[in-house]
Each structure stands twice: as C-alpha cells, then as structure tokens.
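# Remarks on the overall topology
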Amino acid sequence: MRQLLYVSSTASDIAPSDLDDILTASRRNNALMGISGLLLFIDGGFLQILEGEERAVRELYTRVTADRRHWNPRLMLDREVASRAFPGPSVAQHGADRGDDVADFLSCAAQ
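Cut-offs applied
- Residues numbered from 1 in each chain as written.
- Predicted model: local features only at pLDDT ≥ 70, side-chain atom pairs only at ≥ 80, totals over all residues.
- Heavy atoms only, no water.
- Axes fitted to C-alpha atoms, helices over the stretch in contact; angles between N-to-C directions.
- Helix = DSSP H or I, 4+ residues; strand = E, 2+ residues; numbered from the N terminus.
- Parallel < 35°, antiparallel > 145°, perpendicular 65-115°, else oblique.
- Left-handed = near helix turned anticlockwise from the far one by under 90°.
- Contact = heavy atoms within 4.5 Å.
- Salt bridge = Lys/Arg side-chain N within 4 Å of Asp/Glu carboxyl O.
- Core = buried A, V, L, I, M, F, W, Y, C linked by side-chain atoms within 4.5 Å.
- Buried < 20%, exposed > 50% of the residue type's maximum accessible area, 1.4 Å probe, protein only.
- 1 Å grid on protein atoms, 1.4 Å probe; cavity = no way out; pocket = protein on both sides within 12 Å on 5 of 7 lines; lining within 4 Å.
- Points joined across faces, edges and corners; volume = space filled by probe spheres on them.
- Nonpolar A, V, L, I, M, F, W, Y, C, P; charged D, E, K, R; others polar.
- Polar contact = N/O pair within 3.5 Å; in protein donor to acceptor, adjacent residues only side chain to side chain.

Each pair of packed helices gets described by two things: the angle between the helix axes and the distance between those axes. At a minimum axis distance of 10 Å, the contact between helix α1 (residues 16–33) and helix α2 (residues 54–66) shows a crossing angle of 150°. When the axes of α1 and α2 are compared, the pair comes out roughly antiparallel. Relative to α2, the crossing made by α1 is right-handed. Of the residues in α2, those touching α1 at N29, N30 and M33 are A56, E59, L60 and R63.

Put into structure tokens, the structure is as follows:
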C-alpha cells in the first residue's frame, strides 16, 4: 500500500463552487482507482494524502502536477504502509476557511 502526501497552492480567491467541483471529481476518480485519503484546503493551499496501490497513487499524483489549479505541487511524503490511515471509500475533506472546526475534520477523516 502506497501513501503519498503533497501540498500545492491555488488562487486565493478560488470560488467555493470550484472547490466543490474538485472534491466531487476527486471522490469519483479516487473511488474508481481504489484510492482513499484526505483533501484539506486552507487559505489558497491544498494538502492531500493519497493511499492505494502504488501505480494508481503515482498516476493520480502525475495528473495533479499537470492540473493548472495546482501551483507548485510539492511531494512531502512518499512511503509504503501496511494499511490505510483513511480506510473509507474515497476522500475525506476539510475546508478550514469555510468555518469547519477541528472536531468536524477529525470525525470526517476517521470515516
């Protein structure tokens, strides 16, 4: 099982509807690829953890680096793990600048 964590920037004034579109597409695509993880957006920046089979995770990260909405993606962690930290079917999410609190984030990430 591969676990990869990256950070990237985007427009600080990205529309909430664009964020919703990104989350919807991420959940759909990740489910098709057997990838789970976490997507966090705070003040114009993304942090995402991807977990799954190595080929699928690497393919998805390559697509992220080519996406115009992700500026300066940086790979922060790339490792083999025994099991998923996010065993849910797709992507947990948290958008701190939407007023969600830490408890909501932790409960969503644990699903």
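Tallying each qualifying case throughout the model produces 5 salt bridges. R2 serves as the salt-bridge partner of E80, at 3.2 Å between the closest nitrogen and oxygen. Of this pair, E80 sits in strand β4 (residues 71–80) while R2 is found in strand β1 (residues 2–9), placing the two residues 78 residues apart along the sequence. Among the ionic pairs, R69 bridges to D67, the shortest N-O distance being 2.7 Å.

For the rest of this paragraph, the subject is the nonpolar core. Grouped together as the largest cluster of nonpolar side chains are 9 residues: L4, Y6, I35, L50, A56, V57, L60, Y61 and V64. Contributions of two or more residues to this core are made by β1 and α2. Top contributing element to this core by residue count: α2, with 5 residues. In this view, V64 contacts Y6 and H70; residues no more than four positions away in its chain are not counted.

For the rest of this paragraph, the subject is the layout of surface pockets. Estimates place the volume of the largest pocket at around 240 Å³. The wall of the largest pocket is formed by 14 residues, among which S26, L60, V64, D67 and R69 lie closest to the centre. Of the residues forming the lining of the largest pocket, the biggest block, 5 residues, is contributed by α1. Here the residues of the lining of the largest pocket sort into 6 nonpolar, 5 polar and 3 charged.

Our focus in this paragraph is the side chain of T10. Examined against the element boundaries, T10 turns out to sit in the loop between β1 and α1. A relative accessible area of 7% means that T10 is categorised as buried. Polar side-chain contacts of T10 include one of 2.7 Å to the backbone oxygen of R69. In this structure T10 touches F41, G44, F46, R69 and W71, once residues within four positions along its chain are discounted.

Shape is all these values report; function is a separate question.
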